[in-house]
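# Structural characterization, general
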Amino acid sequence: MLVIEKKKEEVVKVAKTIYKEKLVFGTWGNVSCRPVENRIIITPSGIPYPDLQFVDMVVVNMEGDIIEGRWKASTELPMHLAIYQAREDVGAIVHTHSPYSAAFAVVREDIPVVIEEQAQIVGGIVKVAAYALPGSHELADNVVQILEKEQTAVLLANHGLVCVGKDLEMALQRCRIVERTAQILLHSKLIGNAHILEPQEVEILKRNYLAGYGQKEGVYTQ
Ligand SMILES: [Zn+2]
């Protein structure tokens with residue numbers, strides 16, 4: 001199917017981007033998308049990012065059975081499948097091990113809304129999912145518990161970050177913004193008092209962004 005072949009290229013591009021931007025290192029982290037119903041394209045397990053090619057992508061169905069591909073799927077496949085099952089609006093998932101987000105995940109502290117782009121693109125606070133072993137069904141359940149409440153990003157305790165979006169570009173952009181927010185917030189705390197934006201200020205930022213950029217309603221739930 002042509003759409004699947006094209007999306008494989010896009011998954012590779014995003015995977016190489018998160019590596020280049022140092023949101024992941026080694027073979028950690030993973031990327032997936034849902035190009036059509038009941039088909040998920042996901043990065044393979046254990047292949048270094050610089051070597052990734054579109055033929056290495058793994059295509060599975062919603063049960064996790066391999067439909068196409070010569071490698072094993074990412075070990076976080078259960079988490080990706082659980083998110084797609086819980087959220088019909090999600091078309092792509094990016095999971096990073098970016099250091100500033102991971103620092104908040106280690107202290108298990110939510111990232112409140114402190115900067116404009118977080119309000120506009122991420123849509124609100126980034127919460128921490130309860131700790132569970134990487135790759136486990138328990139981790140998948142913990143992540144979905146946070147994400148089913150229309151969140152677009154979630155921290156994995158002592159692990160990293162997961163962002164979702166209607167497409168790969170949005171999921172990637174959210175990962176970048178959460179990492180940048182975490183970096184700014186950490187530095188703010190070092191300087192002194194970090195001021196958290198009030199919910200009504202966040203609402204105004206969202207509203208102005210939607211009006212100014214002509215985005216469709218529902219951008220935060222996609
Ligand atoms: Zn991970």
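Everything that follows concerns the structure shown earlier in this document.
Presented here is an overview of the structure given in this document. For every chain, the first residue of its written sequence is number 1, and the numbers climb from 1 along that sequence. Side-chain atom pairs in this predicted model are given and counted only at pLDDT of 80 or more, local residue features only at pLDDT of at least 70, and totals for whole chains, interfaces and linings cover all residues. Side-chain measures here rest on the full set of heavy atoms in the structure, leaving out hydrogens and waters.

### Things to note about the overall build of the chain
Here is the rule we go by: Segments assigned H or I by DSSP are reported as helices when at least four residues long, segments assigned E as strands when at least two residues long, and all are numbered from the N terminus. Each radius of gyration is computed over the set of C-alpha atoms, and the globule rule expresses the reference value as 2.2 Å times the number of residues to the power 0.38. Burial classes: relative accessible area under 20% of the type maximum marks a residue as buried, over 50% as exposed, and values in between as partly exposed (1.4 Å probe, protein chains only). Contacts were defined at the residue level, with two residues in contact if any of their heavy atoms lie within 4.5 Å. Note that accessible areas follow from Shrake-Rupley with a 1.4 Å probe, and for residues the cover is restricted to the protein chains shown. Two residue types count as positive, namely Lys and Arg, and two as negative, namely Asp and Glu; His and chain ends fall outside the count. Charge placement uses NZ in Lys and CZ in Arg. For Asp and Glu, CG and CD serve respectively.
Per the secondary structure count, the chain includes seven helices and eight strands. In terms of overall dimensions, the chain is globule-like: its C-alpha atoms have a radius of gyration of 17 Å, near the 17 Å expected for 222 residues. Its C-alpha atoms give the chain principal-axis dimensions of roughly 50 × 35 × 30 Å. Taking all 222 residues of the chain together, the buried fraction comes to 51%. Here the analysis covers contacts within the chain between residues at least 6 apart in sequence; of these, 64% occur between residues at least 24 apart. Carbon and sulfur atoms make up 52% of the accessible area of the chain, which totals about 10,900 Å². Charge-centre separation for the chain: the mean point of 23 positive side chains lies 4 Å from the mean point of 28 negative side chains.

### Brief notes about the coordination of the zinc ion
Heads up, the condition is: Think of the donor list as every N, O and S atom within 2.8 Å of the metal, or within 3.2 Å for Na, K and Ca; water never makes the list, so a site can look incomplete.
Each protein donor to the zinc ion is listed here as His 95 (NE2), His 97 (NE2) and His 159 (NE2); together their distances run 2.0 to 2.1 Å. Sequence spacing of the donors to the zinc ion: H-x1-H-x61-H. For His 95, a relative accessible area of 1% puts it in the buried group.

### Section: helix H3 (residues 99–107)
For clarity, the threshold we go by: Directions from the helix axis toward the C-beta atoms define the arc.
Buried within H3 are the following residues: Ser 101, Ala 102, Phe 104 and Ala 105. Buried residues of H3, viewed axially, fall in a sector of 155°; they line one side. Buried residues along H3 sit in contact with strand E7 (153–156), strand E8 (160–165) and helix H6 (168–191). Just past H3, the residue Arg 108 takes up positive phi, approximately 55°.

### Thoughts on unusual backbone geometry
Within the chain, Asn 38 stands out as a residue other than glycine whose phi angle is a positive 65°. Tracing the backbone through its elements, the reader meets Asn 38 in the loop between strand E1 (30–36) and strand E2 (39–42). We classify Asn 38 as partly exposed; its relative accessible area is 32%.

### A short note on the pairing of E1
Put simply, the test is: Strand pairing follows a simple DSSP-based rule, namely that at least 2 bridges must link the two strands.
Of all seven residues making up E1, six are buried, and the element is well covered by its neighbours. The pairing of E1 with strand E5 (residues 92–96) spans four bridges and is classified as antiparallel. Each bridged residue has a counterpart across the sheet, and for Val 31 the counterpart in E5 is Val 94. As paired strands, E1 and E2 are joined by three bridges and run antiparallel to one another. Residue pairing for E2: Ser 32 is matched across the bridge by Ile 42. What sits between E1 and E2 in their antiparallel hairpin is a turn of two residues, with Asn 38 showing a positive phi close to 65°.

### Overview of the pairing of E2
Across three bridges, the pairing between E2 and strand E3 (residues 58–60) is antiparallel. Paired with Ile 42 across the two strands is Val 58, which belongs to E3.

### Observations regarding the packing of aromatic side chains
Two numbers describe a pair of aromatic rings. These are the distance of the centres and the angle of the planes. Our working rule: Between the rings of Phe, Tyr and Trp (Trp by its six-membered ring), a pair exists once the centres lie within 6.5 Å; its type follows the angle of the planes, with under 30 degrees stacked, over 60 edge-to-face, and the other angles tilted.
On inspection of all chains with the given rule, the structure shows two aromatic pairs. Measuring from ring centre to ring centre gives 5.4 Å for Tyr 19 and Tyr 49, while their planes differ by 20°; the resulting arrangement is stacked. With Tyr 19 in helix H1 (residues 2–20) and Tyr 49 in the loop between E2 and E3, this residue pair connects regions lying 30 residues apart in the sequence.

### Focus: the pattern of salt bridges
Quick reminder of the rule: Take a side-chain nitrogen of Lys or Arg and a carboxyl oxygen of Asp or Glu: if they are within 4 Å of each other, that pair is a salt bridge.
Summed over the entire model, instances satisfying the criterion amount to ten salt bridges. For Lys 166, the salt bridge is made with Asp 167, and the minimal N-O distance between the two is 3.7 Å. Here Lys 166 falls in the partly exposed class, since its relative accessible area comes to 40%. The exposure class assigned to Asp 167 is partly exposed, which follows from its relative accessible area of 24%. The residue Glu 203 makes a salt bridge to Lys 206 at a minimum N-O spacing of 3.6 Å. Highlighted residues: Glu 203 and Lys 206, both in helix H7 (residues 199–213), separated by three residues, approximately one helical turn. Judged by its relative accessible area of 42%, Glu 203 is partly exposed. Three or more residues are tied together by salt bridges with common partners; here these are Glu 5, Lys 8 and Glu 68.

These figures capture arrangement, not role.
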